[in-house]
Amino acid sequence: MSAASCLLTEDQFLCSICLDVFTDPVTIPCGHNFCKTCITDHWDRNVQCQCPNCKEAFNTRPELRVNTLISEMAAQFRQSAQQKVSSSRSSEQQVSKPMIQKRRLKIQEIKHSVELSEEDADREIAGGVQVFTALKASVERSQAELIDTIKEKQRKMEKQAEGFIKELEQEISELKKRSTEVEQLSHSEDHLHGTVVRAVNQLEETLSKQMKKLLAEAELKRVQQSAVDVTLDPDTAHPNLILSDDGKQVKHGDVKKNHPDNPERFDTCPNVLAKQSFSSGRFYYEVQVKGKTHWYLGVARESINRKGSIAPSPQIGYWLICLRNENEYKARADTDVLLSLKSRPEKVGVFVDYEEGLVSFYDVDAAALIYSFTGCSFTKKLYPLFCPCNNNGGKNSAPLIISPVNHTE
């Protein structure tokens, strides 16, 4: 029986209704086999008794008896299947155990790696905190030193201003006293009336000139307190310009140098910018223009176009004054302003108050204001600009020289 069951396939021991190994198998008249419970339930649900497989109908419900042969064979098949399953499970367990052990070891390695990574991260965080703590302390010290320096400069400027004001008030008092004395004399001596009136008018004119001169000198001294060190940037210079080694002088040469045409360099206008830029506060510098017949000076925005011909004006980022034709001074505003100067400047001071929107130019030797651009709106970096212009056959060969500021008392 066991040998015969081994020759049968699994499908021959399956009930076609429940699709499982026979339980109490019965054979109906057409010869097909079913679980007793499965065929009974099937006929109970249907009016007509018929075979689920071949559809043969029976007028009366057949009497069902268990087929002992098939029942025994199904039992043996079920036992054999269970043994195979048990053997398969045992084999799988033998294979799985080493694999499980390997994965557990891998989990331990990963956990250990994470622990080491956390330790490294903690060390890096501690080192970073130490570096930034030191950096913060250094910045705070530098900030405190900067504030102290600014306050000290402010105190010195206020002290100087007080001295200037005191001197001016004393001179005003003396002049008023002299004016009163002259006026009293004019009232007491009628025959000297005409002479006295002329003397008074001359005195008032002298006083007015003296006051303007003193105020101009005081104003120049005030802006000179904002002096900065400025040097020329060779990377922006037009190829025909010749710069001194210390970056303080520039003149126009006849030979065009083979410089790389980088975006910062002027390729048509003979300009050069300073290395230093300014985006806040006040700054001042002085430039010697002695011996020149043509030049431009002032400041320009960082974003200006440096290629091709340029007609400078504040609208495109230039705040400049210039000398042309030896004695024609102009401010390059949106509409050029012709400047009437009493003397020919040999040294020009340039002052910028970024927040105030002010660019002023001074005749340093005469302590006189040349021109001011007011109401400017600065939002970008500003660079000092220098243009020595062409040689003009040697007539304009003198250099522009950035001069040290002399803080006179």
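Conventions and cut-offs
- Residues numbered from 1 in each chain as written.
- Predicted model: local features only at pLDDT ≥ 70, side-chain atom pairs only at ≥ 80, totals over all residues.
- Heavy atoms only, no water.
- Helix = DSSP H or I, 4+ residues; strand = E, 2+ residues; numbered from the N terminus.
- Rg over C-alpha atoms; globule rule 2.2 N^0.38 Å.
- Buried < 20%, exposed > 50% of the residue type's maximum accessible area, 1.4 Å probe, protein only.
- Contact = heavy atoms within 4.5 Å.
- Lys, Arg positive; Asp, Glu negative; His and termini not counted.
- Charge placed at Lys NZ, Arg CZ, Asp CG, Glu CD.
- Pairing = 2+ DSSP bridges.
- Axes fitted to C-alpha atoms, helices over the stretch in contact; angles between N-to-C directions.
- Salt bridge = Lys/Arg side-chain N within 4 Å of Asp/Glu carboxyl O.
- Patch = residues over 30% accessible without salt bridge, like charges linked within 9 Å, V, L, I, M, F, W, Y side chains within 5 Å.
- Areas by Shrake-Rupley, 256 points an atom, 1.4 Å probe, with all protein chains shown as cover.

> In this structure, what is going on with the overall build of the protein? I would like to understand it.
Counting its regular elements, the protein contains four helices and 17 strands. Against the compact-globule benchmark of 22 Å for 409 residues, the protein has a radius of gyration of 53 Å, which places it well outside the compact range. For the protein, the C-alpha atoms occupy an extent of roughly 170 × 55 × 50 Å along the three principal directions. In the protein, which comprises 409 residues, the proportion classed as buried is 33%. Contacts in the protein between residues at least 24 apart in sequence constitute 62% of all its contacts with a sequence separation of at least 6. With 53 positive and 57 negative side-chain charges, the protein shows a spacing of 3 Å between the two charge centroids.

> What's the story with the sheet that holds strand β5 (residues 241-243) in this structure? I'm lost.
One key point about sheets: their strands pair by backbone hydrogen bonds, in either a parallel or an antiparallel sense. The antiparallel open sheet is built from seven strands, whose spatial order is β5-β6-β17-β8-β13-β14-β15. Every other strand in the sheet has two partners, leaving β5 and β15 (368-373) as the edge strands with one partner each. Mean inter-strand twist for the sheet, computed between neighbouring axes without regard to direction, equals 20 degrees. As paired elements, strand β6 (residues 249-252) and strand β17 (residues 400-403) share two bridges and run antiparallel to each other. Bridge pairing links Val250 to Leu400 in β17.

> Honestly, the pattern of salt bridges in this entry has me stumped. Any pointers?
Two side chains of opposite charge can pair, provided their charged atoms sit close to one another. Here the structure, examined in full by the defined rule, presents 10 salt bridges. Arg123 is paired through a salt bridge with Asp120; the nearest N and O atoms lie 2.0 Å apart. Residue Arg123 and its partner Asp120 are located together in helix α3 (residues 68-188), separated by three residues, close to a single helical turn. On the basis of relative accessibility, which here comes to 53%, the residue Arg123 falls in the exposed class. With its nearest N and O atoms 2.8 Å apart, the salt bridge here joins Arg222 to Glu219. Within this pair, Arg222 and its partner Glu219 are both found in helix α4 (residues 193-224), separated by three residues, close to a single helical turn.

> Sorry if this is basic, but what is going on with the sheet that holds strand β7 (residues 272-273) here?
Sheet architecture is open: six strands sit in the order β7-β16-β9-β10-β11-β12, paired in antiparallel fashion. In this open sheet, the two edge strands, each paired with only one partner strand, are β7 and β12 (337-339). Pairing analysis gives six bridges linking strand β9 (residues 295-301) to strand β10 (residues 318-324), with the strands arranged antiparallel. Its bridge partner lying in β10, Leu297 is registered against Ile321.

> Teacher, can you tell me more about a nonpolar patch on the surface here?
Residues Val131, Phe132, Leu135 and Val139 make up a contiguous nonpolar surface patch of about 400 Å² in total accessible area. Mapped onto the elements of the fold, Phe132 is located in helix α3. What makes Phe132 exposed here is its relative accessible area of 58%.

> Help me understand a negative patch on the surface in this model?
Side chains of Glu115, Glu118, Glu119 and Asp122 sit close together on the surface and give a patch of like negative charge. Along the chain, Glu115 falls in helix α3.

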